[in-house]
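Per-entry structural report
If you want the building blocks of each chain, they are given just below.
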Amino acid sequence: MSRIGCRRGSAAGEIALPEKTQAGTMAYVEIVTIVLMSLFRTRWKARMAMDPRSTADGATALPIARFEQVHTIDLDEVRSAVGSAFCPHTLEPIGTGGASPVRFHSATAGTVGLHYLDYGTGMCIRPSDLDDFYLIQIPLSGVAEITWGSETFESTPAVASILQPGGSVTMQWHRGNRQLIVRLDRQSMERQLQEALGAPLREPLRFDPHMELDRPGIRSWRGMLTLLRAEMENGGSLPTEPIVMKEFERLLLSQLIVAQPHNYTEVLQRPVPVAPRTIRRAVEILEHHADELLTVEDVASATGISVRALQDGFKKYFGTTPMGYLREVRMKAVRTWLLDADPSTTTVSDAATRCGFLHLGRFSVQYREKFGESPSETLRR
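Notes on the structure follow. Given the structure is predicted, the values throughout are model-derived calculations rather than measurements. (Residues numbered from 1 in each chain as written. Predicted model: local features only at pLDDT ≥ 70, side-chain atom pairs only at ≥ 80, totals over all residues. Heavy atoms only, no water.)

Of all eight residues making up strand β3 (residues 102–109), six are buried, and the element is well covered by its neighbours. Where strand β1 (residues 68–72) meets β3, four bridges bridge the pair, whose relative direction is antiparallel. Counterpart to H71 in the pairing with β3 is R103. Where β3 meets strand β4 (residues 112–118), seven bridges bridge the pair, whose relative direction is antiparallel. If you follow R103 over to β4, its bridge partner there is D118. (Buried < 20%, exposed > 50% of the residue type's maximum accessible area, 1.4 Å probe, protein only. Helix = DSSP H or I, 4+ residues; strand = E, 2+ residues; numbered from the N terminus. Pairing = 2+ DSSP bridges.)

Written out as structure tokens, the structure reads:
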């Protein structure tokens, strides 16, 4: 078995953050955001000054207009185009006034999608589950009523809404409601959160569906979004430079994790206890030998501590067992392997075995529970 094959997908990352706290990591993200925004601001203003389409605030007449996908009254065409960018959904016009042209613009940079949508009239929207992405809907004008589970709230230019995996949602966009929509990849988001936590996720990430747009941290996040939008609208190099865009995307996700409340916010704000050297050594063994047959006794012996001490250490510092931690490393590895693989030359069994899963049936069940799809579905993407 290739050790590299399994290790390349280890998304658990570097678990211990010596000399740091999670709160310190959050502050670091905010500082980096401020520095980068200041560096990009001069470049952005210069670009806006030279663009005859620009308005005083640096926006074009319509957001990302050069990426228009549809401008039509045909709702079937609209449903197809919007569904291709997001997910299957139903559309039902509401109110009076007759049909109006729908505008949908859509652009992608890395795994970040930026979209503009104006239905032109009132519309009731019922999307299917967002299995593998988050949507942040920012009204530019008008009002939308969002029903998330049993909760209903109004989304306005002061309050954005976040749609996310694992919940039912119904939306009523009133006439005049135009939205800028950000699509963020679930796997990238979870990987970024795991790096901040220094441990595997024990439950799915759940954001507060209300986003207060005037909060300082959210204003910083929106500043980054404005930069990306300007680069897309004006043919900048940021969206087309893979290395730069990857780092920008990481910062965009980190700032969102820091600024928007979610079910891990409290944990992120706590000081992180630094794991002892022996436990950190155990983590290294698990991550670097995840594709090998390992037992808890093997790891304990290699680190020079008892099995009981090893188990207690993982429970205290990572909230799981050594084998539970190893399973998370392997799961992330095999998912990355399947996403990168050619279905014509790779099988699920090959990928699972290469990353240390020997019981294919049990692996498939655990994989579906974690990622919401079967391994074969991931491979066919």
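Next comes the rest of the description.
With that settled, consider helix α11 (residues 322–340). Taking 1.5 Å of rise per residue, 19 residues should cover 27 Å, and α11 covers 27 Å from first to last C-alpha, within 8% of that figure. When you tally the buried positions in α11, you get 15 out of 19 residues, the bulk of the element. (Expected span 1.5 Å × (residues − 1).)

What follows deals with the sheet that holds strand β8 (residues 151–155). Strand order in the open sheet formed by five strands is β2-β5-β10-β7-β8, and the pairing between neighbours is antiparallel. Each edge of the sheet is formed by a strand with only one pairing partner; in this case those strands are β2 (89–94) and β8. Strand-to-strand twist of the sheet, defined as the mean angle between neighbouring strand axes without regard to direction, takes the value 15 degrees. Sheet topology note: the β2/strand β5 (residues 122–127) ladder contains six bridges and is antiparallel. Looking at β5, one finds that H89 is bridged to P127. The sheet strands contacting helix α3 (residues 75–85) are β2 and β5, and the helix crosses β2 at an angle near 140 degrees. (Axes fitted to C-alpha atoms, helices over the stretch in contact; angles between N-to-C directions. Contact = heavy atoms within 4.5 Å.)

Take the packing of aromatic side chains next. Under the definition given, this model contains nine aromatic pairs. Centroid distance F363 to Y367: 5.6 Å. Interplanar angle 55 degrees. Geometry classified as tilted. With a gap of four residues between them, F363 and Y367 both fall in helix α13 (residues 360–371), about one helical turn apart. For F363, a relative accessible area of 1% puts it in the buried group. According to the relative accessible area criterion, Y367 is buried, its value standing at 0%. Put simply, the rings of F357, F363, Y367 and F371 touch in pairs and so form one group of aromatic residues. Just above the ring of F133 sits the side chain of R183; from NZ or CZ to the centre is 4.0 Å. Between the NZ or CZ atom of K370 and the centre of the ring of F371, over which it lies, the distance is 5.7 Å. (Phe/Tyr/Trp six-rings, centres within 6.5 Å; stacked < 30°, edge-to-face > 60°. Lys NZ or Arg CZ within 6 Å of the ring centre and 35° of its normal.)

For the rest of this paragraph, the subject is the packing of α11 against α13. Running from N to C, α11 and α13 cross one another at 85 degrees; their axes reach a closest spacing of 11 Å. The pairing of α11 with α13 is recorded here as roughly perpendicular in orientation. Judged by residue contacts, R327, E328, M331, K332, V334, R335 and L338 of α11 engage F363, Q366, Y367, K370 and F371 from α13. For the contact of α11 with α13, the residue count by class is six nonpolar, one polar and five charged. (Parallel < 35°, antiparallel > 145°, perpendicular 65-115°, else oblique. Nonpolar A, V, L, I, M, F, W, Y, C, P; charged D, E, K, R; others polar.)

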